[in-house]
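# Reading the structure
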Amino acid sequence: MNAVILNDSGEEIIRRTMGAYKIADMMRADGWTVEVIDWSTRWSNQELKKFIDSLPYEIHMIGVSNLWMQDHVIIEQINYLKSQYPKAKIVMGGPKPYQRDFGADAMVFGYCEHALKPVIQWLFNGGDIPVGKFPEWAPNSLLVDANHSYKGLSISKYHVNYHENDFIKSHEALTLEISRGCRFKCKYCNYAFLGVKEDYSRSEDSLYNELMENYIRWGTTNYIISDDTFNDRDSKIEMLANVVERLPFEPNFSCFIRIDLVISKPHQVELLCRARCWAHFYGIETFHPLAAKAIGKGMHPDKIKAGLLWIREEFIKRIGVYRGTTGMIAGLPYEPPESWYDGIQWMRDNWESFFYWGLHISTDTDNTTQSDFSIDAAKYGYKLTDNKEILDWAASKGYNNYVEVGRQNNKLDSRILVWESEWSDFKRATEFADDYINNDFMKQKLFNFDLTEHMSKFDHKELMSFTCEDIYIKRNLNKLYLNQIKEYKKQKLEMYR
Ligand code: SF4
């Protein structure tokens, strides 16, 4: 049996996101022949057809890893591909909630490892219908909530074997997974597996083997670690540090770090330096003490601020490179807007790489991975506003109105609570974040995950000095990306000529 899987990494940055490659790897292990078509929304329909027609076999399945794809683009592509390959089944997968009729046979929400086989058995081998439902908004598509019905928390293989037909270049950053789930359970967080007490980390040897394989085959040295919180266990950092010290090359890692843990366990700095994890994202969210406590990140903001300055100094002193990008949310419990302004001013005065979001709370109940705020917003002081001006404003901006206006919120979700609370409302929080985008975003030093993609293209000290404006506008990086995609397409199209 044969399949193609469409993949993409979004409008802003071109990188290899992992999901499609992981599914391709799993299907190949089950005897399928699979081609990943990356950056597929930048292929025209004719180019996709030309590629699929160039394959020396008929395709039975078209997979779509749609997390970073715009819905209207993928709907149009699926429509076209169905007209050209009517016998092929369309299977979508990923962590973005499914809320529209894409014309797929199956939509698998969440981590798909344990759902893949039942879905394939059903579609191709007369197996039982997997646990799921045909939603009224997509009556011909089976929606499988994998995080709920086929929980991919414990998996046997983290290692993703890429294929020579993926044409990976040595400068590209790949994704690495070291464990699943997060030990914590912040109230606003809608990641799949929270409050996980068991340790699902992979083994040191499997980690070493993956890094070595990618280095030998593609020359890869840079990675984004996708773990929800990489430093939730010392043992994970220590394992990576041990692996790094066995490698014949110097790698670089970018990851999600809880800064309060590093502050309370300062020995983690040494471990992170040994592991060459020097590009961090810190979800700090707020500098308001009551808000921090209410969301489950209770360390006093003064301690967090001092800790940020300390960790930056430590990394520069020890290994000479460091990037810490902070994520902040406007609209958290008990925090009045004046405190958002105080917080952003501290960032402007003291920190070089920060991002602000307005608080968005999902109301989706079809894809059941939900935050505590979503499950019981009222308990945390939020309710659907009855202020018509705010509701109209939200609709005019595309919130819950994606089909007409085309905007999606930061949870990649089109069913959100247009909230009001005692301390603020959805409009004020969203406008605050929009002001950040207009006034501050381009001045930021390149964000840690974006930086990873460039670690082999620039000297690290030079790279650390670049602002978003430098890299996206002055250096016109998009042109570089376009050239990369052009070359990739050419290689794919010439594979079987
Ligand atoms: S916000 Fe981060 S630390 Fe908190 S539960 Fe989510 S992944 Fe874990």
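Residues numbered from 1 in each chain as written. Predicted model: local features only at pLDDT ≥ 70, side-chain atom pairs only at ≥ 80, totals over all residues. Heavy atoms only, no water.

## With respect to the overall build of the protein chain
Our working rule: Only DSSP runs of H or I reaching four residues or more are called helices, and only runs of E reaching two or more are called strands; each is numbered from the N terminus. For the radius of gyration, the atom set is restricted to C-alpha positions; the globular benchmark scales as 2.2 Å times the number of residues to the power 0.38. The rule is simple: take the accessible area with a 1.4 Å probe, protein chains only, and divide by the maximum for that residue type; under 20% is buried, over 50% is exposed, in between is partly exposed. Contact criterion: two residues are considered in contact whenever any of their non-hydrogen atoms come within 4.5 Å of each other. None of His or the chain ends enter the tally, which takes Lys and Arg as positive and Asp and Glu as negative. Working definition for charges: the position is that of NZ of Lys, CZ of Arg, CG of Asp or CD of Glu.
Looking only at helices and strands, the protein chain has 20 helices and 14 strands in total. Expected size for 497 residues packed as a compact globule is a radius of gyration near 23 Å; at 22 Å, the protein chain falls within 12% of this value. The C-alpha extent of the protein chain, read off along each of the three principal axes, is 60 × 60 × 45 Å. Put simply, the protein chain has 497 residues, and 59% of those count as buried. Expressed as a percentage of contacts within the protein chain between residues at least 6 apart in sequence, the contacts between residues at least 24 apart total 76%. The average position of the 61 basic charges and that of the 70 acidic charges among the side chains of the protein chain differ by 2 Å.

## A look at the domain arrangement of the protein chain
Under the convention used in this document: The start and end points of each domain follow an automatic or database-based domain assignment. Take the accessible area each of two parts loses on contact, using a 1.4 Å probe, and add the two losses: that sum is the buried area. In what follows, salt bridge is the name for a side-chain nitrogen of Lys or Arg lying within 4 Å of a carboxyl oxygen of Asp or Glu. Here a polar contact is recorded for every N or O atom pair within 3.5 Å, except that within protein the pair must consist of a potential hydrogen donor and a potential acceptor, and residues adjacent in sequence are included only if both atoms are side-chain atoms.
Partitioning the protein chain into structural domains gives domain 1 (2-152) and domain 2 (176-474). Put simply, the middle of domain 1 and the middle of domain 2, counted by C-alpha atoms, are 28 Å apart. Between domain 1 and domain 2, the contact holds 26 residues from the first and 23 residues from the second. Surface buried jointly by domain 1 and domain 2 totals about 2,100 Å² across both partners, of which 47% is contributed by carbon and sulfur atoms. When residues of domain 1 are sorted by the area they lose upon contact with domain 2, Ile13, Gln99 and Tyr111 head the list and together hold 25% of the total. Linking domain 1 with domain 2 are three salt bridges. With a closest N to O distance of 3.4 Å, Glu177 and Lys22 form a salt bridge. The interface formed by domain 1 and domain 2 holds 10 residue pairs in polar contact (both at pLDDT 80 or more) in total.

## Some thoughts on the site of the ligand
Basically, it comes down to this: If a single non-hydrogen atom of a residue is within 4 Å of a molecule or strand, that residue counts as near it. Under the scheme applied, nonpolar residues are Ala, Val, Leu, Ile, Met, Phe, Trp, Tyr, Cys and Pro; charged residues are Asp, Glu, Lys and Arg; polar residues are all the others, including Gly.
Close contacts around the ligand come from Cys182, Phe184, Lys185, Cys186, Tyr188, Cys189, Tyr191, Leu194, Asp228, Thr229, Arg258 and Lys297, and that covers them all. The class makeup of the residues in the shell around the ligand is seven nonpolar, one polar and four charged.

## As for the packing of helix α7 (residues 234-246) against helix α9 (residues 267-274)
Note the threshold: Throughout, an axis means a line fitted to C-alpha atoms (over the contacting stretch in the case of helices), and angles, computed between N-to-C directions, take values from 0 to 180 degrees. Here a crossing is taken to be left-handed if its near helix is turned anticlockwise relative to the far helix by less than a right angle, and right-handed if that turn runs clockwise.
Axis separation between α7 and α9 bottoms out at 8 Å; the angle between their running directions is 35°. Helix-helix and strand crossings are classified by hand; for α7 and α9 the assignment is left-handed. Contacts between α7 and α9 involve Asp234, Ile237, Glu238, Ala241, Asn242, Val244 and Glu245 from the first element and His267, Gln268, Leu271, Leu272 and Arg274 from the second.

## Remarks on the environment of Trp340
Assignment of secondary structure puts Trp340 in helix α12 (residues 337-350). Judged by relative accessible area, Trp340 falls into the buried class, the value being 3%. Here the alpha-carbon distance between Trp340 and Ala433, two residues 93 residues apart in the chain, equals 9.8 Å. The contact partners of Trp340, leaving out residues within four places of it in the chain, are Ala330, Gly331, Glu335, Tyr356, Ser424, Arg428, Ala429 and Phe432.

## Quick word on the layout of surface pockets
The test is simple: The pocket and cavity definitions rest on a 1 Å grid over protein atoms only: a 1.4 Å probe that fits but cannot leave marks a cavity, an open set with protein on both sides within 12 Å along at least five of seven lines marks a pocket, and residues lining either have an atom within 4 Å of a point. Grid points are joined across faces, edges and corners, and a volume is the space filled by probe spheres set on the points.
The space that makes up the second largest pocket amounts to roughly 400 Å³. Around the second largest pocket, the lining is made up of 18 residues, and of these Met26, Asp30, Glu113, Leu116 and Lys117 lie nearest the centre. Residue assignment for the lining of the second largest pocket shows that the elements contributing at least two residues are α1 (19-29) and α4 (113-124). Considering every element that reaches the lining of the second largest pocket, the biggest residue donor is α4, with six residues. Taken together, the residues of the lining of the second largest pocket sort by class into eight nonpolar, four polar and six charged.

## Points about the pattern of salt bridges
Using the criterion set out here, one finds 42 salt bridges in the structure. The salt bridge involving Lys117 is made with Asp30; its shortest N-O contact spans 3.8 Å. Here Lys117, found in helix α4, pairs with Asp30, found in the loop between α1 and β2 (33-37); they are 87 residues apart in sequence, far enough to count as distant. Classification of Asp30 as partly exposed rests on a relative accessible area of 45%. Glu204 is paired through a salt bridge with Arg246; the nearest N and O atoms lie 3.2 Å apart.

## Re the pairing of strand β6 (residues 142-145)
Put simply, the rule reads: In short, DSSP must find at least two bridges between two strands for them to pair. Viewed with both strands pointing away, a crossover whose connecting path from the first strand over the helix to the second turns clockwise is right-handed.
A two-sided burial pattern is seen for β6, the buried positions comprising Leu142 and Val144 on one face and Leu143 and Asp145 on the other. When strand β5 (residues 106-109) meets β6, the two strands line up parallel, connected through four bridges. Counted as the bridge partner of Met107 is Leu143 from β6. Once the chain exits β5 it traverses α4 before rejoining the sheet at β6, and the crossover so formed is left-handed.

## Focus on empty space enclosed by the protein
What the rule picks out here adds up to five cavities of 30 Å³ or more. Computed from the structure, the largest cavity encloses a volume of approximately 120 Å³. What lines the largest cavity is a set of 13 residues, and nearest its centre among them are Ile259, Gly283, Ile284, Lys297 and Ile304. Elements with a contribution of two residues or more to the lining of the largest cavity: α8 (259-264), β10 (277-285) and α11 (301-319). Here the second largest cavity defines a volume of roughly 60 Å³. If you trace the second largest cavity, you find it lined by Ser179, Arg180, Gly181, Cys182, Arg183, Val196, Glu198, Asp199, Tyr200, Asp232, Arg233 and Lys236.

## What about the side chain of Glu213?
Its place among the elements puts Glu213 in helix α6 (residues 204-218). For Glu213, the side chain forms a polar contact with the side chain of His159, separated by 3.5 Å.

## Considering the pairing of β10
Burial analysis of β10 places eight of its nine residues in the buried class, which makes it a mostly covered element. As paired strands, strand β9 (residues 252-257) and β10 are joined by five bridges and run parallel to one another. Bridge pairing in β10 places Cys255 opposite His280. In terms of strand pairing, β10 meets strand β11 (residues 323-330) through six bridges, oriented parallel. Note that in β11 the partner of Phe281 across the bridge is Thr325.

## Some thoughts on the environment of Leu81
Along the chain, the position of Leu81 falls in helix α3 (residues 71-84). By relative accessible area, which is 1% here, Leu81 ends up buried.

## Re the packing of aromatic side chains
The condition that has to hold: Any two rings among Phe, Tyr and Trp, with Trp reduced to its six-membered ring, count as a pair given centres within 6.5 Å; such a pair is stacked if its planes are under 30 degrees apart, edge-to-face if over 60, and tilted if neither. Our definition puts a charge over a ring when NZ of Lys or CZ of Arg is within 6 Å of the ring centre and also within 35 degrees of the ring normal.
Under the counting rule described, the total for this entry stands at 36 aromatic pairs. Taken together, a centroid distance of 5.1 Å and an interplanar angle of 75° make the contact between Trp32 and Phe124 edge-to-face. Of this pair, Trp32 sits in the loop between α1 and β2 while Phe124 sits in helix α4, placing them 92 residues apart in sequence. Accessibility expressed as a relative area gives 9% for Trp32, which makes it buried. Directly above the ring of Tyr208 sits Arg246, whose terminal nitrogen or CZ lies 4.1 Å from the centroid. The aromatic ring of Phe184 is capped on one face by Arg258, whose charged end is 4.2 Å from the ring centroid.

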